[in-house]
Amino acid sequence: MSIRIGLVGCGRWGKHILRDLLSLGAEVRVTCLSEATAAEARKAGAHDAGTTLPVSGAVDAYVVATPTATHAVVLDGLVGTGRPIFVEKPMTADVASARRLAKAAPSTLFVMDKWRYHPAIEAMRQEAASGAIGDVLAIRTSRWQWSNPHRDVSPLWILAPHDLSISLHILGRIPPLRQALTLVPGRAELGLIAVLADELAQVTVEIGTMSPTHRRRCLVVGTKASLELEDAHDDRILVRHGAPGDHAATAKVIPVGTEMPLLAELRAFLAHVRGEGPPPLSAADEGLQVVTRLAEIEAELSRVPLG
């Protein structure tokens with residue numbers, strides 16, 4: 001029997017979620033804002049689509065892909081059903097609602113942090129966990145593109161959740177915020193650098209929306225080796241074994257495959273809903289951690305608008 005999924009939102013990103021849910025054999029009922037979008041969803045293969053939510057008894061779980069600014073109100077209407085919920089990152093756009101929802105649905109609300117399912121990031125986690133790179137000293141991520149297609153929240157809330165979730169995945173934590181600077185004075189929407197650090201490791205997050213190219217990179221520096229993903233679509237990570245700066249360090253490549261993270265995270269969610277797998281990565285409490293750090297970065301930028 002197919003898992004019945006209520007997909008709330010089927011716009012620019014939601015249509016990709018619909019595609020992958022269908023490819024995984026789910027029966028999808030779509031809720032969207034317009035009849036035109038509903039018609040497109042039905043044409044794409046949705047079991048049903050309309051502008052009102054299906055009753056909870058008609059679905060086994062929900063996936064939420066509405067604009068970030070609407071996440072809280074949508075989730076408030078769903079957590080009472082007791083059904084598992086997979087919401088696009090970030091969980092909400094403010095700390096108060098994230099805290100409320102994490103308390104209301106600690107075991108049924110999960111966040112779609114797709115970079116935790118990226119094969120390269122998982123390979124980096126495994127290398128770090130095995131001790132092959134020694135102690136992790138630093139993580140540096142770069143996430144650049146041209147413009148921000150989302151009008152409801154700033155690029156910080158769209159791009160940085162990926163990088164904070166990478167920290168969660170590799171380190172098992174998000175260190176405290178130490179510094180945040182804009183790249184253009186007074187223009188946080190164009191780009192920023194945030195430094196998060198504790199006594200063990202530093203995480204540097206760099207995002208921006210003024211690059212002619214679309215670029216995603218992740219560097220992990222350990223006491224025994226460094227790892228790097230040069231591009232989001234690469235099928236390998238680069239490894240240099242040796243202490244940082246060691247000119248005799250040896251290089252190698254670790255193949256990681258090319259499975260799309262969205263498909264991987266939806267497969268994991270469906271397995272959990274069927275009772276055949278563990279809960280998805282990024283439970284509600286971790287979603288709250290990400291939202292808290294985002295709010296701290298935003299507050300710091302508003303206090304120190306320097307480039």
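Each chain has its residues counted from 1, following the order in which its sequence is written. Predicted model: local features are reported for residues with pLDDT of at least 70 only, side-chain atom pairs are reported and counted for 80 or more only, and whole-chain, interface and lining totals are derived from all residues. Neither water nor hydrogens contribute to the side-chain values; these are computed over all heavy atoms in the structure.

S.K.: How should I be thinking about the overall build of the protein in this particular structure?
M.R.: A run of H or I in DSSP becomes a helix once it reaches four residues, and a run of E becomes a strand once it reaches two; helices and strands are each numbered from the N terminus. Of the regular secondary structure elements, the protein holds eight helices and 14 strands. Every radius of gyration here is taken over C-alpha atoms, with the globule rule written as 2.2 Å times N^0.38, N being the number of residues. Against the globule reference of 19 Å for 307 residues, the protein gives a C-alpha radius of gyration of 20 Å, in line with a compact fold. Dimensions of the protein along its principal axes, counting C-alpha atoms only, are 60 × 40 × 40 Å. The long-range share in the protein, meaning contacts at least 24 apart out of those at least 6 apart in sequence, stands at 61%. The average position of the 32 basic charges and that of the 33 acidic charges among the side chains of the protein differ by 1 Å. Any two residues whose heavy atoms approach within 4.5 Å are treated as being in contact. The positive count covers Lys and Arg only, the negative count covers Asp and Glu only, and His and the chain ends enter neither. By convention, the point assigned to a charge is CZ for Arg, NZ for Lys, CD for Glu and CG for Asp.

S.K.: Looking at this model, I keep getting lost on helix 6 (residues 155–171). Mind explaining?
M.R.: Each α-helix turn comprises 3.6 residues. Residues three or four places apart therefore point the same way. Relative to the 24 Å expected for 17 residues at 1.5 Å per residue, helix 6 spans 24 Å between its end C-alpha atoms, a close match to the ideal helical length. Bend, in this description, refers to the angle at a residue between axes fitted to the seven residues ending there and the seven starting there. Along helix 6, the sharpest kink reaches roughly 35°, centred on Pro161. Counting buried residues along helix 6, 17 of its 17 residues qualify, which places the element largely inside the surrounding structure. Once helix 6 finishes, Gly172 follows within two positions and takes phi at roughly 85°, a positive value. Helices are assigned an expected span. That span is 1.5 Å times one less than the residue count. Under the scheme applied here, a residue whose accessible area is under 20% of the maximum for its type counts as buried, over 50% as exposed, and between as partly exposed, the area being computed with a 1.4 Å probe on protein chains only.

S.K.: Explain helix 8 (residues 284–303) here, please?
M.R.: In this model helix 8 runs 29 Å from its N-terminal to its C-terminal C-alpha over 20 residues, within 8% of the 28 Å that 1.5 Å per residue would give. Turning to helix 8, the residues buried within the fold contact helix 4 (95–104), strand 6 (109–112), helix 6, strand 8 (177–182) and strand 9 (191–197).

S.K.: Any chance you could explain the environment of Asp246 here in plain terms?
M.R.: Mapped onto the secondary structure, Asp246 falls in the loop between strand 13 (236–241) and strand 14 (250–255). With 230 residues separating them in the primary sequence, Asp246 and His16 have C-alpha atoms 44 Å apart.

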